[in-house]
Amino acid sequence: MLQRIQTLYLLIVAVVSGGLIFTFDLWTTTNEVVVFAKDELVIFGLFLGSAVLALISIFSYKNRKSQFMLGRLNQILNLILLGFFVYRTLSASGEASDVSEKGVGIFLPVISIVFLILSNRAIKKDEDLVKSVDRLR
């Protein structure tokens, strides 16, 4: 059923991970070069992987356990992405770092994680409702 609230949450994750990466920059280097997600192949792949997982999860609405598992996998993927950003911006502080100014795009995985948690909570609520109805039969 595509009218459930978790579909809206997963659609927001897909838009954030697949669309907003082209709009918001990740950081600015010391040479005043603005870096977007499409400029870094690993980051671009992780963002698109997150968007694809969200879309697959939307269309697997008949199997709630699979949908829940895909949401957890997507959360792990976004945590890896967030960890990569933290490592990239904080590990080489001082002169060795090529990141001079952080952009808004670094916070996109945080937004995705929040909406993935909300969608998993709604999926779990649906699963519990179905189980309670089955118990009554």
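Check the entry above for the structure.
Residues numbered from 1 in each chain as written. Predicted model: local features only at pLDDT ≥ 70, side-chain atom pairs only at ≥ 80, totals over all residues. Heavy atoms only, no water.

## As for the overall build of the protein chain
1) Next: Along the backbone of the protein chain there are 4 helices and 3 strands.
2) Next: When the helices and strands of the protein chain are read in sequence order from the N terminus, they spell out α-β-β-α-α-β-α.
3) Next: Viewed in the frame of its principal axes, the protein chain has a C-alpha envelope of about 70 × 25 × 20 Å.
4) Next: Taken over 137 residues, the protein chain has a buried fraction of 38%.
5) Next: Within the protein chain, residue pairs in contact and separated by at least 24 positions form 72% of the contacts whose partners lie at least 6 positions apart.
6) Next: Looking at the protein chain as shown, the accessible area adds up to about 8100 Å², and 67% of this sits on carbon and sulfur atoms.
7) Next: Each charge class in the protein chain was averaged separately, 14 positive and 11 negative side chains, and the resulting centres sit 19 Å apart. (Helix = DSSP H or I, 4+ residues; strand = E, 2+ residues; numbered from the N terminus. Buried < 20%, exposed > 50% of the residue type's maximum accessible area, 1.4 Å probe, protein only. Contact = heavy atoms within 4.5 Å. Areas by Shrake-Rupley, 256 points an atom, 1.4 Å probe, with all protein chains shown as cover. Lys, Arg positive; Asp, Glu negative; His and termini not counted. Charge placed at Lys NZ, Arg CZ, Asp CG, Glu CD.)

## Focus on the packing of aromatic side chains
1) Next: Applying the stated rule across the entire model yields 4 aromatic pairs.
2) Next: Measuring from centroid to centroid gives 6.2 Å for Trp27 and Phe85, while their planes differ by 80 degrees, and the two rings are edge-to-face. Of this pair, Trp27 sits in strand β1 (residues 27-29) while Phe85 sits in helix α3 (residues 64-90), and the two are 58 residues apart along the sequence.
3) Next: Of the residues examined, Trp27 reaches a relative accessible area of 0% and is grouped as buried.
4) Next: Classification of Phe85 by relative accessible area gives buried; the value is 1%.
5) Next: Aromatic side chains Phe47 and Phe85 sit 6.2 Å apart centroid to centroid with 40 degrees between the ring planes, which places their arrangement in the tilted category. Here Phe47, found in helix α2 (residues 41-58), pairs with Phe85, found in helix α3; they are 38 residues apart in sequence, far enough to count as distant. In this structure, Phe47 and Phe85 share a single accessibility class: buried.
6) Next: Three or more aromatic residues joined by ring pairs form one cluster here, namely Trp27, Phe47 and Phe85. (Phe/Tyr/Trp six-rings, centres within 6.5 Å; stacked < 30°, edge-to-face > 60°.)

## Quick notes on the pattern of salt bridges
1) Next: One pass over the structure, following the stated rule, counts 4 salt bridges.
2) Next: Between Arg4 and Asp126 there is a salt bridge, with its nearest N and O atoms 3.2 Å apart. Taken together, the positions of Arg4 in the segment before α1 (5-18) and Asp126 in helix α4 (residues 108-136) put the pair 122 residues apart, joining distant regions of the chain.
3) Next: For Arg64, the salt bridge goes to Glu127, with nearest N and O atoms at 2.8 Å. Residue Arg64 is located in helix α3, and its partner Glu127 is located in helix α4; the two are separated by 63 residues in the primary sequence. Residues Arg64 and Glu127 agree in their burial class; the two are buried. (Salt bridge = Lys/Arg side-chain N within 4 Å of Asp/Glu carboxyl O.)

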